[in-house]
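As a plain string of letters, each chain reads:
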There are 2 protein chains.
Amino acid sequence: MGRNAGHERVSDAMTRRLPAYYRHLCLLEKAGVAYISSRSLGEEMSLTDSQIRQDLSSFGGFGRQGRGYEVRALRESIGAILGLNRGHRMIIVGAGRLGSAIASFSGFPSVGFSIMALFDADERLVGTEFSGVPVLPASQLTTFLNENAVQIAVIAVPAKVAQQAVDLVCAGGVRGILNFAETDLRVPEGVLLQNVHLSDSLMALSFRMHELEILRGEKSDWT
Amino acid sequence: MGRNAGHERVSDAMTRRLPAYYRHLCLLEKAGVAYISSRSLGEEMSLTDSQIRQDLSSFGGFGRQGRGYEVRALRESIGAILGLNRGHRMIIVGAGRLGSAIASFSGFPSVGFSIMALFDADERLVGTEFSGVPVLPASQLTTFLNENAVQIAVIAVPAKVAQQAVDLVCAGGVRGILNFAETDLRVPEGVLLQNVHLSDSLMALSFRMHELEILRGEKSDWT
């Protein structure tokens, strides 16, 4: 929890809530909702009233007495805090099933990320494209990064070559790594790494199914 | 927060930490670590000492004075709490790029989930297999569920047919849904739904990159 320039690192829990706020506010805006109270927002998002007020006040007050938060302004502010208006350019290393699924995922462009290219060592994939994103040869990765300012790399290669891919993209100036490979990776100082653990979601689901049996009295304890 | 049989619903934050504990304890066990203190575990997982003791005591005390937690016993207990020893059977609806990537994902079997089959309406995919998991025709989904006790369905179809897929699998007795489709889904009472928002990870990464500039004083505020 280092301090710097009067700021403290934001907690992991808060960092997880911010994207959820953003998504929920996008839905409200789409539905034509102009204002929302912290109480209503809390009920819809399963958070307490005071949690919401505390979260939002930590970035400067967004509240309005009486009418609540202005949905569009709040969505734009949270988008700015998340850095979504900065036009991040990203590449995907690995054009296999997972990489190509990610390239085709409409959620990334909709939150302001532009996928420039996929890279793969498999010559059969080079020259194809997925949802308009071209597959380039892995051998061109360094040249591409030197010629294009790319901020984020998605790692979608097998675990055994993931560190090599990370070293290459970091040398090429990438500042953020979204890692889908099931392995621990090292990044240089100043580069941020976010691991995506798909099995965590499945474990959380399994837990909730187990918990439901206990809440219903079908099972008496956790063991 | 309903109460039942003396239990209260576990918080979302705790539900997210449990899989992280499980993963970390697996790594420690693999590395041959026999005992760990709450302090060391906390440092490795970026959690406080007291957070860890509080989390683990809420399921019954696992602690041992002096030597700390026994890694293997704690990993097994948390696995049991997560329901990982129950031999969940799952299917994947949608054998496109995402569905086939999930079928090939080694992390699911390693935490005790058995992927029985993929289902797809595309006849060109039927009869193929991914990592040994066969693709069956969507028309056989209901019959398959009637003949096999399947607890979990992964939804990996386009958003516009996702609700239809959910209705079918719920009618077939599935009790848990892991949803990758980018849409809100309704499930019947007693069925649990876990949405996977891939763009949340990317937004969290973007936020941390933005935050780093502020912590370093390269930028003075969040706007």
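For the structure itself, look to the data block above.
Structure report, in brief. Per chain, residue numbering runs from 1 following the sequence as it is written. Labels are handed out in written order, letters beginning with A for the chains and numbers beginning with 1 for the ligands. Under the rules for a predicted model, residues below a pLDDT of 70 receive no local features and side-chain atom pairs below 80 are neither given nor counted, while totals for whole chains, interfaces and linings still include all residues. Where side-chain values are given, they derive from all heavy atoms of the structure, hydrogens and water being excluded.

### Digging into the relation of the copies chain B and chain A
Least-squares fitting of chain B to chain A yields an RMSD of 0.0 Å, with the superposition described by an axial translation of 0.0 Å and a rotation of 180°. Taken together, the rotation and translation relating the two chain copies correspond to the operation of a two-fold axis. Across chain B, the smallest distance between a C-alpha and the rotation axis is recorded for Arg97 of chain B, namely 2.6 Å. The contact rule is simple, with two residues in contact once any of their heavy atoms fall within 4.5 Å. When the interface residues of chain B are mapped onto chain A, 100% of them again lie at the interface, so the same face is used by both copies. For this overlay, a least-squares fit was computed on C-alpha atoms, restricted to residues scoring pLDDT of at least 70 in both copies.

### Considerations on the packing of aromatic side chains
Under the pairing criterion, centres of Phe, Tyr and Trp rings, with the six-membered ring standing for Trp, must be within 6.5 Å; the plane angle then separates stacked pairs below 30 degrees from edge-to-face pairs above 60, leaving the rest tilted. Inspection of every chain in the model, using the stated rule, returns ten aromatic pairs over all chains. Taking 5.1 Å as the distance between ring centres and 80° as the angle between the ring planes, the aromatic pair formed by Phe59 of chain A and Trp222 of chain B counts as edge-to-face. You can see Phe59 of chain A sitting in the loop between helix H3 (49-57) and strand S4 (69-70) and its partner Trp222 of chain B sitting in the segment after helix H9 (198-215), one on each of two chains. Across this residue pair, the class does not change: Phe59 of chain A and Trp222 of chain B are buried. Relative to Phe108 of chain A, the ring of Phe105 of chain A has its centre 4.8 Å away and its plane inclined at 85°; by these criteria the two rings are edge-to-face. By relative accessible area, Phe108 of chain A is classed as buried at 0%. An aromatic cluster is defined as three or more aromatic residues linked by ring pairs; in this entry it consists of Phe59 of chain A together with Phe207 and Trp222 of chain B. Secondary structure follows DSSP: runs of H or I at least 4 residues long count as helices, runs of E at least 2 residues long count as strands, and numbering of each begins at the N terminus. Burial classes: relative accessible area under 20% of the type maximum marks a residue as buried, over 50% as exposed, and values in between as partly exposed (1.4 Å probe, protein chains only).

### Considerations on the interface of chain B and chain A
Each partner contributes residues to the interface: chain B has 77 residues there, and chain A has 77 residues. Throughout, buried area stands for the accessible area (probe radius 1.4 Å) lost by two parts on being put together, summed over both. Contact between chain B and chain A buries roughly 7,000 Å² in total, counting both sides, with carbon and sulfur atoms accounting for 65%. Salt bridge, as applied in this entry: a Lys or Arg side-chain nitrogen positioned within 4 Å of an Asp or Glu carboxyl oxygen. In this assembly, chain B and chain A are joined by six salt bridges. With a shortest N-O distance of 2.6 Å, Arg23 of chain B and Asp200 of chain A are connected by a salt bridge. Of all the secondary structure elements, the ones that give two or more residues to the side of chain B that touches chain A are strand S2 (7-8), helix H1 (12-30), helix H4 (71-81), helix H5 (97-103), helix H6 (107-110), strand S10 (176-179), strand S11 (192-195) and H9 of chain B. Here the side of chain B that touches chain A is composed, by residue class, of 37 nonpolar, 23 polar and 17 charged. Put simply, Ala, Val, Leu, Ile, Met, Phe, Trp, Tyr, Cys and Pro go in the nonpolar bin, Asp, Glu, Lys and Arg in the charged bin, and everything else, Gly too, in the polar bin.

### Observations regarding the packing of H1 of chain B against helix H2 (residues 38-45) of chain B
Residues and elements named next belong to chain B. Orientation is described by lines fitted to C-alpha atoms, with helices fitted over the stretch in contact, and by angles between N-to-C directions that extend from 0 to 180 degrees. Put simply, H1 and H2 touch, their axes get as near as 11 Å, and they point 105° apart. Looking at the two axes, H1 sits roughly perpendicular to H2. Each of Ala20, Tyr21, His24 and Leu28 in H1 lies in contact with H2, whose residues at this interface are Leu41, Glu44 and Met45. Of the residues contributing to the contact of H1 with H2, the split by class is five nonpolar, one polar and one charged. Orientation labels follow simple angle bins: below 35 degrees gives roughly parallel, above 145 gives roughly antiparallel, 65 to 115 gives roughly perpendicular, and whatever is left gives oblique.

### Observations regarding the packing of H1 of chain B against helix H3 (residues 49-57) of chain B
All names here are of chain B. Across the interface, H1 lies against H3 with an axial gap of 12 Å and an inter-helix angle of 95°. Compared by their axis directions, H1 and H3 come out roughly perpendicular. Listed contacts from H3 to Met14, Arg17 and Tyr21 of H1 are Gln51, Ile52, Asp55 and Leu56. Class assignment for the residues of the contact of H1 with H3 results in four nonpolar, one polar and two charged.

### Notes on the side chain of Ser199 of chain B
In this fold, Ser199 of chain B is placed in helix H9. Residue Ser199 of chain B is classed as buried on the basis of its relative accessible area of 9%. Apart from residues no more than four positions distant in its own chain, Ser199 of chain B is found in contact with Phe105, Gly107, Phe108 and Val111 of chain A.

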